[in-house]
There are 6 protein chains.
Amino acid sequence: MRFDEAYSGNVFIKSHPNFEESEAVIYGMPMDWTVSYRPGSRFGPARIREVSIGLEEYSPYLDRELEEVKYFDAGDIPLPFGNAQRSLEIIEDFVDKILAADKFPLGIGGEHLVSWPVIKAVYKKYPDLAVIHMDAHTDLREHYEGEPLSHATPIRKVAELIGPTNVFSFGIRSGMKEEFEWAKENGMYIAKFEVLEPLKEVLPKLAGRPVYVTIDIDVLDPAHAPGTGTVDAGGITSKELLAAIHEIAKSDVRVVGADLVEVAPIYDHSEQTANTASKLIREMILGWVQKRNA
Amino acid sequence: MRFDEAYSGNVFIKSHPNFEESEAVIYGMPMDWTVSYRPGSRFGPARIREVSIGLEEYSPYLDRELEEVKYFDAGDIPLPFGNAQRSLEIIEDFVDKILAADKFPLGIGGEHLVSWPVIKAVYKKYPDLAVIHMDAHTDLREHYEGEPLSHATPIRKVAELIGPTNVFSFGIRSGMKEEFEWAKENGMYIAKFEVLEPLKEVLPKLAGRPVYVTIDIDVLDPAHAPGTGTVDAGGITSKELLAAIHEIAKSDVRVVGADLVEVAPIYDHSEQTANTASKLIREMILGWVQKRNA
Amino acid sequence: MRFDEAYSGNVFIKSHPNFEESEAVIYGMPMDWTVSYRPGSRFGPARIREVSIGLEEYSPYLDRELEEVKYFDAGDIPLPFGNAQRSLEIIEDFVDKILAADKFPLGIGGEHLVSWPVIKAVYKKYPDLAVIHMDAHTDLREHYEGEPLSHATPIRKVAELIGPTNVFSFGIRSGMKEEFEWAKENGMYIAKFEVLEPLKEVLPKLAGRPVYVTIDIDVLDPAHAPGTGTVDAGGITSKELLAAIHEIAKSDVRVVGADLVEVAPIYDHSEQTANTASKLIREMILGWVQKRNA
Amino acid sequence: MRFDEAYSGNVFIKSHPNFEESEAVIYGMPMDWTVSYRPGSRFGPARIREVSIGLEEYSPYLDRELEEVKYFDAGDIPLPFGNAQRSLEIIEDFVDKILAADKFPLGIGGEHLVSWPVIKAVYKKYPDLAVIHMDAHTDLREHYEGEPLSHATPIRKVAELIGPTNVFSFGIRSGMKEEFEWAKENGMYIAKFEVLEPLKEVLPKLAGRPVYVTIDIDVLDPAHAPGTGTVDAGGITSKELLAAIHEIAKSDVRVVGADLVEVAPIYDHSEQTANTASKLIREMILGWVQKRNA
Amino acid sequence: MRFDEAYSGNVFIKSHPNFEESEAVIYGMPMDWTVSYRPGSRFGPARIREVSIGLEEYSPYLDRELEEVKYFDAGDIPLPFGNAQRSLEIIEDFVDKILAADKFPLGIGGEHLVSWPVIKAVYKKYPDLAVIHMDAHTDLREHYEGEPLSHATPIRKVAELIGPTNVFSFGIRSGMKEEFEWAKENGMYIAKFEVLEPLKEVLPKLAGRPVYVTIDIDVLDPAHAPGTGTVDAGGITSKELLAAIHEIAKSDVRVVGADLVEVAPIYDHSEQTANTASKLIREMILGWVQKRNA
Amino acid sequence: MRFDEAYSGNVFIKSHPNFEESEAVIYGMPMDWTVSYRPGSRFGPARIREVSIGLEEYSPYLDRELEEVKYFDAGDIPLPFGNAQRSLEIIEDFVDKILAADKFPLGIGGEHLVSWPVIKAVYKKYPDLAVIHMDAHTDLREHYEGEPLSHATPIRKVAELIGPTNVFSFGIRSGMKEEFEWAKENGMYIAKFEVLEPLKEVLPKLAGRPVYVTIDIDVLDPAHAPGTGTVDAGGITSKELLAAIHEIAKSDVRVVGADLVEVAPIYDHSEQTANTASKLIREMILGWVQKRNA
């Protein structure tokens with residue numbers, strides 16, 4: 001108990017105070033220790049919660065209000081600093097519990113590697129799982145400087161676990177030549193540069209399937225998300241990313257979990273990236289949570 | 001007298017030194033005391049003037065130069081700090097004088113509530129007035145936390161004064177469900193998300209009518225205007241907003257006054273928002289001032 | 001319950017997970033709505049918690065470690081936005097409960113007005129209370145623009161409640177002439193400009209008495225605390241403020257509660273002010289909490 | 001010698017350590033002394049090199065890798081501070097040497113005036129030269145405040161040297177009326193506001209000709225390049241500029257030299273502009289260097 | 001007239017609206033075109049006025065209030081961009097008029113070169129003039145890169161005009177060897193590193209003499225004034241600079257004019273330098289203006 | 001070869017172009033991969049070089065000029081990203097070569113761990129070595145999260161190598177209790193909080209001995225060095241640190257090598273920390289290099 005139910009502390013706006021009664025659980029994964037270029041995403045979840053106070057509770061896109069969905073904000077998962085292996089175990093264990101309680105896991109990163117244990121947990125529950133991945137980067141390296149647990153490897157590990165043909169990447173504009181080749185050889189779907197149009201083509205093929213969606217904020221152009229470690233020119237706009245979220249919401253896939261990762265406040269001087277992230281999360285809550293049982 | 005006519009101080013670039021000879025009057029309304037999320041727009045007018053020194057005087061869009069229009073910069077209206085009611089009275093009184101002198105009022109905010117007394121004054125002179133409103137937010141609340149004079153209410157008050165069917169909002173992507181419903185029930189026009197295309201449809205219907213245009217800088221996407229209190233992802237580009245200004249310029253409406261509000265320098269780390277605002281004002285001067293007598 | 005005691009979320013470093021077992025309670029008061037110049041301190045408590053992760057747990061000044069003191073972090077008190085009167089009532093009620101449970105209240109602002117309801121609550125328990133006040137500003141106005149509940153009035157209200165001769169201000173370098181005169185006429189102690197030396201003179205006179213200490217971060221020079229609303233040149237260094245905390249710690253006064261207010265993250269570009277605040281709070285915990293029963 | 005070939009210092013990522021073996025030479029021109037509005041581009045080349053460490057070495061746009069091209073990074077040319085005339089002579093002399101060694105000159109500014117001596121040198125080698133110019137500004141003034149060597153004049157000087165009909169400007173949205181008129185009267189091509197579509201029309205006409213490409217980063221919208229001296233709303237996106245580079249790469253022109261100018265780090269708070277510039281340079285290397293002998 | 005006396009625009013707080021009735025005149029000199037390292041001080045005067053709204057009107061140091069002194073704010077002198085020679089003539093002419101009207105000139109820079117024409121004008125009126133100069137830099141070069149009108153030369157020119165023995169520099173910690181030697185050889189006083197103690201020694205020797213005081217904000221340590229072009233470690237604190245101003249105020253010299261130069265807002269991320277400058281100006285007004293007739 | 005000796009690229013101001021003829025060698029160690037709180041110092045050396053252009057070449061403190069000392073800037077040592085063990089080997093090998101050539105090694109970090117291999121190399125040459133260490137932190141952990149190669153361990157490793165009684169730490173204000181105890185038990189000298197006075201006591205005892213000096217920029221107060229990973233309130237001023245450098249310069253110790261570490265540009269918004277660092281390095285060059293043979 002946080003002293004008194006009436007005092008809720010730093011949580012995402014309109015979070016429900018009670019875990020049991022909630023349909024979804026928001027949780028932060030404040031880890032960035034395998035990042036190679038510019039770290040800082042460990043502070044992303046806290047900042048996104050902070051600025052969520054500026055959000056309207058109603059979505060004119062989806063014509064729904066936050067009070068129509070009950071979601072609990074579990075705070076940041078305490079992770080052992082600098083220990084990637086143990087951190088990932090703790091995350092997987094945490095998500096196991098959320099899924100055991102039949103709730104929708106909605107994670108906030110942290111670096112992209114955090115998605116790996118989450119998807120492992122989700123896959124145990126949904127063996128027919130497909131993954132939709134929006135990102136500037138392939139994240140398909142087998143290892144990075146010899147290290148298989150790296151911010152550059154999570155999608156590779158996911159693809160190896162659930163099968164490359166069940167992974168669909170969108171907006172990719174950066175990666176090693178080998179990564180693109182591996183994807184091609186293994187039948188993994190990669191939409192280079194674009195998100196919305198290829199997504200419209202892919203979604204019908206996934207109708208009825210359980211889908212996990214992982215969004216790296218750097219799929220946005222640096223103009224729209226300067227507050228991230230690896231900015232990469234030539235990305236999509238926030239308007240397009242919102243449209244992609246809505247496209248999934250109105251499709252026939254069953255979204256069974258999702259995350260948004262890589263917001264790094266230190267590079268986000270006007271907090272525009274954190275504000276955008278909090279709006280994206282609102283739309284994910286309103287558009288996706290009920291889709292689990294679609 | 002400012003000591004000597006030769007020394008003009010901090011004014012918008014190419015301002016005319018003489019009030020009587022001017023067609024238009026630029027004035028700042030440095031008020032932000034009813035803002036709920038992130039204040040700071042009280043310093044907007046001064047910053048916009050400062051950076052206007054970087055502007056070219058010619059518009060390749062309109063093929064006109066600033067020296068073709070005489071406009072006087074009256075500085076910031078001194079407003080009693082923290083007193084919204086009295087501030088609004090002073091603004092209304094100030095604009096009454098500008099209109100009595102038959103000049104075009106071109107205001108710079110400050111929070112959006114400052115548009116309310118300006119439009120009251122303009123409406124007294126032009127009872128057939130229509131209002132074009134570009135914004136991320138509806139601003140249609142009846143009151144905010146019980147307070148009818150709030151940054152969240154000005155368009156509601158305008159709609160109640162001049163009639164909801166005479167108000168046309170564009171680019172709206174944020175608001176309470178009740179606000180959208182109120183607009184719908186009362187016949188007020190709202191173009192969600194988009195500006196340019198719906199504007200092209202509306203303008204012909206307003207041909208010949210006196211129109212006041214109020215632009216909240218947050219109609220732009222945060223990528224294009226990080227320097228504002230409430231950034232909201234999914235907005236339009238500065239290129240689209242420029243096109244909207246030009247669309248009005250070449251239409252058959254009679255623009256009789258205008259404002260640009262909510263630039264907040266503290267969040268504008270490269271002064272890009274202030275620079276954009278100063279360019280928008282140049283285009284408003286060159287495109288709209290002469291339209292009063294169209 | 002926060003889902004599972006093992007997951008603690010955004011709390012001050014080394015906080016104890018259990019309220020009942022704790023000696024002290026940290027709580028945020030995220031309010032800044034009566035601020036006149038540059039608001040933003042509503043986000044102070046959350047940022048201070050965030051950066052506390054960078055602290056060492058040991059104080060070489062006091063030769064004590066955080067694990068020697070049990071303190072619970074209750075998060076931010078949810079305050080009704082824009083309603084000062086109701087916010088103050090909620091704060092007072094909250095602190096009443098902490099005191100009823102016989103715990104040390106350690107508050108984080110927010111604007112300085114939040115200290116007023118806290119001290120009201122503390123005074124009810126300790127009628128012999130003295131207040132030590134470190135600040136750049138007198139905060140002794142009777143009202144500000146006609147409003148008695150303002151960031152400029154809390155110490156005046158405190159002085160009127162517990163008697164001006166029981167209030168001791170240090171480091172003051174800004175205020176109206178009338179405020180200094182009122183203090184002088186009413187026997188209230190004000191040490192202009194300096195903190196440490198006058199504090200050494202005052203502390204012996206307060207030996208054995210219950211004392212509440214309120215620190216406005218702007219008592220520091222802007223060089224040491226740029227991240228605050230009203231920066232005022234000519235202040236003390238962080239080294240001097242640390243020494244003042246330690247001077248109180250080794251004195252014979254009984255510290256029965258304390259707060260640190262006015263950290264505003266938006267002006268704190270390197271987070272140096274928040275980092276300094278988190279270190280000051282560590283020293284307050286280690287130096288003062290046990291002094292309640294001195 | 002830099003002490004030991006193994007230690008390369010601050011160079012653009014994957015630069016080849018040996019000048020003689022390289023096809024292209026990268027060099028900085030750290031000059032901004034004729035800038036009128038906001039200086040700072042003298043520090044651009046160093047910052048772009050710094051952030052190039054974050055680049056992937058593979059371009060998914062062009063399906064090429066940096067190791068396929070040998071380029072030497074010669075560092076910044078030491079320029080005599082404040083002496084424009086002498087600086088330009090040094091630059092010209094430097095580029096003469098690069099061209100004499102039959103290497104591709106790839107310059108990084110610095111203010112736009114640095115392109116003038118480079119193009120002079122290139123023109124000596126390629127008398128049939130055409131220039132493609134992407135910029136927000138015409139840069140066609142005859143002189144600026146009486147000074148012919150100014151950041152506002154380089155394209156005019158180029159046009160006068162190689163003939164106005166051999167200069168093709170794209171994306172222009174700012175300039176004096178006289179500049180646009182001069183271009184029109186003299187048969188110089190200017191595509192206002194847009195880059196990609198007009199470029200597609202122009203390129204076929206230049207097939208087989210040697211072309212120098214000069215890109216002012218402010219051709220990008222301020223959202224995409226806040227880190228420059230003169231931000232000007234209404235520009236193109238980084239996605240469009242990348243597409244323009246690729247359009248040239250796949251055309252039949254022979255690119256014989258290029259530059260990217262006006263990145264100013266002091267206004268580039270998240271280093272997004274420098275990161276974008278480094279990606280643009282990667283694409284220029286991969287897409288253009290081999291085209292010299294096309 | 002600025003439309004109506006009631007509307008005063010951007011002026012230093014509590015400025016008197018009427019020139020004739022004022023004892024002192026504040027004026028901005030927005031020039032930075034001879035600066036060698038980091039320009040930007042041209043925007044200093046405007047920013048200092050903006051933030052002056054946050055000042056208390058009472059000085060607890062001097063026990064005086066701003067309403068006890070009448071000063072007029074003449075705005076920024078319009079200077080021909082990039083033309084140092086003509087700018088200096090305009091400034092001198094402007095100050096001639098202020099002095100002819102028997103008012104105290106209180107200038108705000110701009111780069112330090114602006115002090116040169118001001119002192120020329122003051123010297124014409126007070127042939128017995130002494131100059132007190134507080135700065136990190138000697139500013140004693142005979143020329144800079146061959147240019148005698150440079151930010152590095154003003155004190156040399158002053159010393160040559162009024163005689164080196166009439167110039168007293170304090171806080172100097174940077175300069176060429178030749179500059180220190182020239183001063184020594186010519187009997188000019190330089191207090192290296194320190195301000196307050198040497199000032200106490202010098203002031204009695206100047207008793208009764210007319211003195212002009214020029215303060216370069218970089219005499220402060222970068223911790224106290226990051227917002228300036230050439231930050232130089234090892235400076236004095238704002239507390240010491242305030243004490244120096246007060247020391248002059250209580251001395252027997254006759255201050256007949258003063259300036260504060262080199263505040264550059266672009267490097268002043270929390271506006272702490274501008275806020276400090278506005279406080280320094282308040283103390284100069286309260287402490288020095290009446291001393292003209294001492 | 002860098003193409004032509006005349007073009008020197010990004011080097012510390014006034015560096016000598018020839019390695020062999022130089023007395024000292026400046027080199028960057030761009031590594032920050034074991035940092036726990038806020039990384040970013042990998043970009044420190046490049047930024048310090050960049051801003052060194054703003055330095056005067058003369059020191060009024062030491063009355064010497066940079067041209068009196070020949071030093072070569074070798075650029076940044078290329079380090080294998082993320083591999084601490086190999087990076088340290090490369091650094092040690094690099095410094096071995098400098099020492100073999102009988103030159104003074106002057107390193108710029110990077111995180112503090114880089115000092116460890118440097119001191120190992122220096123100790124091989126000078127078995128009688130003493131180390132002077134100025135820092136906010138003890139850096140005496142045996143391991144950090146099980147890792148002996150960490151930013152928290154270098155001084156421990158040094159102490160174990162050369163003997164704890166040969167290590168002298170100054171300015172320490174942060175660390176674990178166990179670290180202070182270990183130092184005490186092993187006879188290592190630690191001056192808590194202060195630098196200058198204890199240094200004056202220690203230096204005479206080291207007369208004639210070879211001394212390596214390692215300075216962590218965070219020994220400065222955050223007011224003086226915001227641009228570092230772990231800011232810690234209560235530090236010394238830049239004036240005091242300059243005085244400490246000069247105290248060593250005039251002592252009888254033989255300085256045989258030195259470094260300055262932990263400048264992190266991303267937190268250094270006005271570049272004040274980098275500017276201060278470049279001035280410190282100038283004083284180290286002028287004051288210490290010749291002392292090697294003292």
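Residues numbered from 1 in each chain as written. Chains lettered and ligands numbered in written order. Predicted model: local features only at pLDDT ≥ 70, side-chain atom pairs only at ≥ 80, totals over all residues. Heavy atoms only, no water.

Novice: Describe the overall build of chain A, naming the residues involved and giving the relevant values.
Specialist: Each helix and strand in chain A was counted, giving eight helices and ten strands. In terms of overall dimensions, chain A has a C-alpha envelope of 55 × 40 × 35 Å along the principal axes. Of all 294 residues assigned to chain A, the portion counted as buried reaches 73%. Sequence-distant contacts in chain A: of pairs separated by 6 or more residues, those separated by 24 or more amount to 78%. Accessible area of chain A: about 8400 Å², with a carbon and sulfur share of 48%. (Helix = DSSP H or I, 4+ residues; strand = E, 2+ residues; numbered from the N terminus. Buried < 20%, exposed > 50% of the residue type's maximum accessible area, 1.4 Å probe, protein only. Contact = heavy atoms within 4.5 Å. Areas by Shrake-Rupley, 256 points an atom, 1.4 Å probe, with all protein chains shown as cover.)

Novice: Account for unusual backbone geometry, with residues named and values stated.
Specialist: Residues and elements named next belong to chain D. Cis rather than trans, the peptide bond between Gly109 and Gly110 has omega equal to 10°. Position of Gly110 relative to the elements: it lies in the loop between strand E5 (104–109) and helix H3 (115–125). Despite not being glycine, Phe193 has its phi angle at roughly 70°, a positive value. As for its placement among the helices and strands, Phe193 is situated in the loop between strand E8 (189–192) and helix H6 (196–202). A relative accessible area of 19% means that Phe193 is categorised as buried.

Novice: Give a description of the side chain of His246 of chain F that names residues and reports values.
Specialist: Within the fold, His246 of chain F resides in helix H7 (residues 238–249). Setting aside residues up to four positions removed in sequence, His246 of chain F forms contacts with Tyr61, Leu62 and Glu283 of chain F.

Novice: How would you summarise the packing of aromatic side chains if you had to cite specific residues and measurements?
Specialist: Applying the stated rule across the entire model yields 42 aromatic pairs over all chains. Judged by centre distance (5.5 Å) and plane angle (45°), the rings of Phe170 of chain E and Tyr189 of chain E are tilted. Taken together, the residues Phe170 of chain E in strand E7 (residues 167–172) and Tyr189 of chain E in strand E8 (residues 189–192) connect sequence positions 19 residues apart. Residue Phe170 of chain E is classed as buried on the basis of its relative accessible area, which comes to 0%. Grouped by ring-pair contacts, the aromatic residues Phe168, Phe170 and Tyr189 of chain A constitute a single cluster. (Phe/Tyr/Trp six-rings, centres within 6.5 Å; stacked < 30°, edge-to-face > 60°.)

Novice: Account for the sheet that holds strand E1 (residues 24–29) of chain F, naming residues and giving values.
Specialist: Residues and elements named next belong to chain F. Read across the sheet, eight strands follow the order E4-E1-E5-E10-E9-E6-E7-E8 without closing on themselves; strand pairing throughout is parallel. Bordering the open sheet on either side are strand E4 (71–76) and strand E8 (189–192), each of which pairs with just one other strand. This sheet shows a mean twist of 15° between the axes of neighbouring strands, independent of strand direction. The sheet contact formed by strand E9 (residues 210–216) and strand E10 (residues 254–261) spans seven bridges and is parallel. (Pairing = 2+ DSSP bridges. Axes fitted to C-alpha atoms, helices over the stretch in contact; angles between N-to-C directions.)

Novice: Which residues make up the UniProt feature "binding site: Mn(2+)" (unreviewed entry) in chain A, and what values go with them?
Specialist: Residue and element names in this part refer to chain A. The feature "binding site: Mn(2+)" (unreviewed entry), as given by UniProt, occupies His112, Asp135, His137, Asp139, Asp216 and Asp218 in the numbering adopted here. What stands out for the annotated residues spanning 107 residues is how close their C-alpha atoms remain, the widest pair being 12.2 Å apart. The residue His137 is located in the loop between strand E6 (130–134) and helix H4 (154–162) in this model. In contact with His137, other than residues within four places in its own chain, are Ile172, Ser174, Asp218 and Thr230. In this fold, Asp218 is placed in the loop between strand E9 (210–216) and helix H7 (238–249). Beyond its immediate stretch of four places on either side in the chain, Asp218 contacts Asp135, Ala136, His137, Arg173, Thr228 and Thr230. Of note is the side chain of Asp218, whose polar atom sits 3.0 Å from the side chain of His137. (UniProt positions renumbered as here; feature names shortened; annotations may be inferred. Polar contact = N/O pair within 3.5 Å; in protein donor to acceptor, adjacent residues only side chain to side chain.)

Novice: Residue-level account of the arrangement of the chains, with values.
Specialist: The two units chain C and chain D never meet; even their closest C-alpha atoms stay 11 Å apart. Across all C-alpha pairs, the smallest distance from chain B to chain F is 11 Å, and the two are not in contact.

Novice: Mind laying out helix H2 (residues 84–100) of chain B, listing which residues take part and the relevant values?
Specialist: Residues and elements named next belong to chain B. Relative to the 24 Å expected for 17 residues at 1.5 Å per residue, H2 spans 24 Å between its end C-alpha atoms, a close match to the ideal helical length. Considered for burial, the residues of H2 that qualify are Ala84, Ser87, Leu88, Ile90, Ile91, Glu92, Phe94, Val95, Ile98 and Leu99. In this fold, the buried residues of H2 make contact with strand E1 (24–29), strand E4 (71–76), strand E5 (104–109) and helix H3 (115–125). Phi turns positive one or two residues past the end of H2, at Asp102, with a value near 60°. (Expected span 1.5 Å × (residues − 1).)

Novice: So, the pattern of salt bridges: which residues are in play, and what are the values?
Specialist: Residue and element names in this part refer to chain F. Considering all chains together, one arrives at 156 salt bridges over all chains under this definition. Between Lys125 and Asp102 there is a salt bridge, with its nearest N and O atoms 3.2 Å apart. Of this pair, Lys125 sits in helix H3 (residues 115–125) while Asp102 is found in the loop between helix H2 (84–100) and strand E5 (104–109), placing the two residues 23 residues apart along the sequence. (Salt bridge = Lys/Arg side-chain N within 4 Å of Asp/Glu carboxyl O.)

Novice: Tell me about the side chain of Ser41 of chain F, and name the residues and values.
Specialist: All names here are of chain F. Checked against the element boundaries, Ser41 lands in the loop between E1 and helix H1 (44–51). With relative accessibility at 3%, the residue Ser41 sits in the buried group. Those residues in contact with Ser41 that sit more than four places away from it in its chain are Met31, Asp32, Gly109, Gly110, Glu111, Glu262, Val263 and Ala264.

Novice: An account of the sheet that holds E8 of chain D is needed here, citing residue identities and associated values.
Specialist: Residues and elements named next belong to chain D. An order of E4-E1-E5-E10-E9-E6-E7-E8 is seen for the eight strands of this open sheet, with the pairing classed as parallel. This sheet does not close on itself; its edge strands, each paired only once, are strand E4 (71–76) and E8. Each strand of the sheet is rotated relative to its neighbour by a mean of 15°, with strand direction disregarded. Relative to E5, strand E1 (residues 24–29) runs parallel, the two being bridged by six bridges. Residue pairing in the sheet places Tyr27 in a bridge with Gly107 of E5.

Novice: So, the pairing of strand E6 (residues 130–134) of chain B: which residues are in play, and what are the values?
Specialist: One face of the sheet, then the other: side chains in a regular strand alternate in exactly this way. Residue and element names in this part refer to chain B. By the criterion of burial, E6 is predominantly enclosed, with five of the five residues buried. Judged by which residues are buried, E6 turns out to be covered on both faces: Ala130, Ile132 and Met134 on one side and Val131 and His133 on the other are all buried. Relative to strand E9 (residues 210–216), E6 is paired through five bridges, and the arrangement is parallel. Considered in E9, the bridge of His133 is made with Thr214. In this sheet, strand E7 (residues 167–172) lies alongside E6 in parallel orientation, the contact comprising four bridges. Residue pairing in the sheet places Ile132 in a bridge with Phe168 of E7.

Novice: Just give me the short version of the packing of helix H2 (residues 84–100) of chain A against helix H3 (residues 115–125) of chain A, but keep the residues and values in it.
Specialist: Residues and elements named next belong to chain A. Two numbers describe how H2 lies on H3: the axes approach to 8 Å, and their chain directions differ by 35°. The handedness of the crossing between H2 and H3 comes out as right-handed. Mapping the contact onto sequence places Leu88, Ile91, Glu92, Val95, Asp96 and Leu99 in H2 and Trp116, Pro117, Val118, Lys120, Ala121, Val122, Lys124 and Lys125 in H3. Class assignment for the residues of the contact of H2 with H3 results in nine nonpolar, no polar and five charged. (Left-handed = near helix turned anticlockwise from the far one by under 90°. Nonpolar A, V, L, I, M, F, W, Y, C, P; charged D, E, K, R; others polar.)

Novice: Any details on the confidence of the model for chain A? Residues and values, ideally.
Specialist: Residues and elements named next belong to chain A. When pLDDT is averaged across chain A, the result is 91; 94% of the residues are at 70 or more. For the stretch residues 1–9, pLDDT sits under 50, and the model shows 29 contacts to residues farther than four places along the chain or on other chains. Here the prediction assigns the complex a pTM of 0.88, and the interface score ipTM is 0.91. (pLDDT = per-residue confidence, 0-100.)

Novice: Any details on the pairing of E7 of chain B? Residues and values, ideally.
Specialist: Residue and element names in this part refer to chain B. The buried count for E7 comes to six of six residues, which makes it a mostly enclosed element. Two strands pair when backbone bridges link them, and E7 and strand E8 (residues 189–192) are joined in this way by four bridges, in the parallel orientation. By the bridge assignment for E8, Phe168 is matched with Tyr189. Running through helix H5 (residues 177–185), the crossover from E7 to the neighbouring parallel element E8 is right-handed. (Right-handed = clockwise from strand over helix to strand, strands pointing away.)

Novice: Before we move on, could you go through the packing of helix H3 (residues 115–125) of chain C against helix H4 (residues 154–162) of chain C and cite the residues and values that matter?
Specialist: Residue and element names in this part refer to chain C. Interaxial distance between H3 and H4 falls to 9 Å at its minimum, and their mutual angle equals 15°. Between H3 and H4, the interaxial angle falls into the category roughly parallel. Crossing hand, H3 versus H4: right-handed. Residues Trp116, Ile119, Lys120 and Tyr123 of H3 form the contact with H4, whose participating residues are Pro154, Lys157, Val158, Leu161 and Ile162. Counted by class, the contact of H3 with H4 contains seven nonpolar, no polar and two charged residues. (Parallel < 35°, antiparallel > 145°, perpendicular 65-115°, else oblique.)

Novice: Can you explain the environment of Lys192 of chain D? Please cite residues and give values.
Specialist: Position of Lys192 of chain D among the secondary structure elements: in strand E8. Judged by its relative accessible area of 36%, Lys192 of chain D falls in the partly exposed class. Considering only alpha carbons, one finds Lys192 of chain D and Thr138 of chain D, 54 residues apart in sequence, at a separation of 9.6 Å. Lys192 of chain D has contacts with Pro60 of chain B together with Ile172 and Phe180 of chain D, leaving out every residue within four places of it along the chain.

Novice: Explain the environment of Asp221 of chain D to me, and be specific about the residues and the numbers.
Specialist: Looking at the secondary structure, you find Asp221 of chain D in the loop between strand E9 (210–216) and helix H7 (238–249). Sequence spacing of Asp221 of chain D and Gly235 of chain D is 14 residues, and the spatial spacing of their C-alpha atoms is 3.7 Å. Those residues in contact with Asp221 of chain D, other than ones at most four positions away along the chain, are His224 and Ser238 of chain B together with Arg173, Ala233, Gly234, Gly235 and Ile236 of chain D. For Asp221 of chain D, the side chain forms a polar contact with the main-chain nitrogen of Gly234 of chain D, separated by 2.9 Å.

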